[in-house]
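Chain by chain, the residues:
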Amino acid sequence: MTTLPPGVTFIERGWLSSNSILLQDETSNLLIDTGYCTHADQTLQLVTDVLGDRPLQTIINTHLHSDHCGGNATLQKYYPKVETLIPVAQAELIDIWDVDALTYKPTGQHCPRFIRTGTVQNGDAFTVNGAVWQAYAASGHDQHAFILFNTESRVLISADALWENGFGVVFPEIEGIQAFDEVESTLQMIEQLNPTWILPGHGAGFGDIHAALGRARSRLKQFRSSPSKHGNYAAKVLLKFKLLETQTLRLPELLTWAETTSYLQMLRQEYAANLSFGKWFDYLCRELEKSGACHIANGRITNT
Ligand SMILES: [Zn+2]
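All of the points below concern the structure found in this document. (Residues numbered from 1 in each chain as written. Predicted model: local features only at pLDDT ≥ 70, side-chain atom pairs only at ≥ 80, totals over all residues. Heavy atoms only, no water.)

**Digging into the coordination of the zinc ion**
Condition: Listed donor atoms are N, O and S within 2.8 Å of the metal (Na, K and Ca: 3.2 Å). As water is not included, a site may look incomplete. Four donors are marked tetrahedral only if all angles between them lie between 85 and 135 degrees, whereas four are marked square planar and six octahedral if opposite donors are more than 155 degrees apart and the other angles lie between 65 and 115; the remainder are marked irregular. Strands are runs of DSSP state E lasting at least 2 residues, helices are runs of H or I lasting at least 4, and numbering of each runs from the N terminus. Each residue is assigned to one of three classes by its accessible area relative to the maximum for its type, calculated with a 1.4 Å probe on protein chains only: buried under 20%, partly exposed between the two thresholds, exposed over 50%.
Every protein donor of the zinc ion is listed here as His63 (NE2), His65 (ND1), His141 (NE2) and Asp160 (OD), and their distances to the metal cover 2.1 to 2.4 Å. If you look at the zinc ion, its 4 donor atoms make angles of 88 to 175° with each other, and the shape they trace is irregular. One chain supplies every donor for the zinc ion, spaced along it as H-x1-H-x75-H-x18-D. With His63 in the loop between β4 (58-60) and α2 (66-69) and Asp160 in the loop between β10 (155-159) and α5 (171-174), the pair connects residues that are 97 residues apart, well separated along the chain. Residue classification places Asp160 among the buried residues on the basis of a relative accessible area of 3%.

Structure follows, in structure tokens:
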């Protein structure tokens, strides 16, 4: 455990909602990432618990996956004057709310519409409580993601670019956009920043950066040598996410959802074209059960 710099509150969540980080001083405050929409009321509660009567001034999203900005709409309603800053390259997509390009539709996930008032780009810096947090473009898991680093404390807000155990699915790869090199460049950049403590997008904060980078690189090596491993992992992550969201479903309901989720269709065509969708789906569900991620009985699949 490390002592975070004054004014930094790490709000750790589970795997459905991303973690949030609140930076504050006497005159300003800023929230990084807002979780998934089904937890939006909880997110608001957690934020008001820290801020009390003071209004939230700024939301920053490290990237626009549904589990990182799903609380934006609720927070904007509660705090009508809040500024909302998103990665600059996606400003137009948010303005026209393109659910395909923003991946909400192809992942079969939900994100209530919100507005952005500004953008973040590589090199932008935010000063709160005298500490400067600088944004670094960190593509790989997501093409437009960024991470935030404070040089004095050497604390890094890594989003899904680096977790204690790996990193998030390399989403561009699902669409056939090669991004494993970008994952590697981002890991290299993190190594060069040389943080002493990381606040990740999911999971607990951690300090053994060297070990985490080692695990991430060995995972990346596996994915590179066998892209189907990554494809399989991505498909299971999408199914598990749906289970985290719904907790329990009849298997045919989950199958229907999966069949209409275009990323899953694309993954099957790329990596399991020899299997029917139903057979591939059964295989993935069994794999999830074997790893302890769900329980299947009497035609129902339940999150565990
Ligand atoms: Zn993500």
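**Details of the pattern of salt bridges**
Put simply, the rule is: Each reported salt bridge corresponds to a side-chain nitrogen of Lys or Arg within 4 Å of a carboxyl oxygen of Asp or Glu.
Per the counting criterion, the structure on display carries 7 salt bridges. Between Glu287 and Lys236 there is a salt bridge whose closest N-O contact spans 3.5 Å. You can see Glu287 sitting in helix α11 (residues 277-290) and its partner Lys236 sitting in helix α8 (residues 227-246), a full 51 residues away along the chain. The partner of Glu287 in a salt bridge is Lys290, with the nearest N and O atoms 3.5 Å apart. Taken together, the positions of Glu287 and Lys290, both in helix α11 and 3 residues apart, correspond to about one turn of that helix. Taken together, the shared-partner salt bridges connect Glu184, Glu191 and Arg217 into one network.

**Overview of the packing of aromatic side chains**
Worth spelling out the cut-off: Working definition: a ring pair exists when centres of Phe, Tyr or Trp rings (six-membered ring for Trp) sit within 6.5 Å. Plane angles under 30 degrees give stacked, over 60 give edge-to-face, the rest tilted. We count a charge as sitting over a ring when the NZ of a lysine or the CZ of an arginine lies within 6 Å of the ring centre and within 35 degrees of the ring normal.
Taken as a whole and assessed by the stated rule, the structure comprises 10 aromatic pairs. Where Phe223 meets Tyr233, the ring centres are 5.6 Å apart and the plane angle is 25°; that geometry is what we call stacked. Taken as a pair, Phe223 in helix α7 (residues 209-225) and Tyr233 in helix α8 lie far apart in primary sequence, 10 residues in all. On the basis of relative accessibility, which here comes to 2%, the residue Phe223 falls in the buried class. Ring-pair connections join several aromatic residues into one group, and the members of that group are Phe167, Phe180, Phe223 and Tyr233. When the ring centre of Tyr233 is taken as reference, the NZ or CZ atom of Arg219 above it lies at 4.6 Å.

**Notes on the sheet that holds strand β11 (residues 197-200)**
To keep it simple, the criterion reads: DSSP-based pairing: two strands are paired if at least 2 bridges between them are found. Each axis is a line fitted through C-alpha atoms, and for a helix only the stretch in contact is used; angles between axes span 0 to 180 degrees, taken between their N-to-C directions. Residues count as neighbours in contact if any of their non-hydrogen atoms are within 4.5 Å of one another.
Strand order in the open sheet made by the 5 strands is β7-β8-β9-β10-β11, with mixed pairing throughout. At either end of the open sheet lies a strand with only one pairing partner, and these are β7 (125-128) and β11. Strand-to-strand twist in this sheet, taken as the mean axis angle between neighbours without regard to direction, amounts to 25°. In terms of strand pairing, β10 meets β11 through 4 bridges, oriented parallel. Within β11, the residue paired with Leu156 across the bridge is Ile198. Packed onto the sheet, helix α6 (residues 180-193) meets β8 (131-137), β9 (146-150), β10 and β11 and runs at close to 5° relative to β9.

**Quick notes on the sheet that holds strand β14 (residues 300-303)**
With antiparallel pairing, 3 strands are arranged side by side in an open sheet as β12-β14-β13. Across the chains shown, the open sheet's two edge strands, defined by having one partner strand only, are β12 (248-250) and β13 (294-297). With direction set aside, neighbouring strand axes in the sheet form an average angle of 15°. The sheet contact formed by β12 and β14 spans 3 bridges and is antiparallel. Among the inter-strand pairings, Leu249 is bridged to a residue of β14, identified as Ile301.

Geometric values such as these leave the question of function open.
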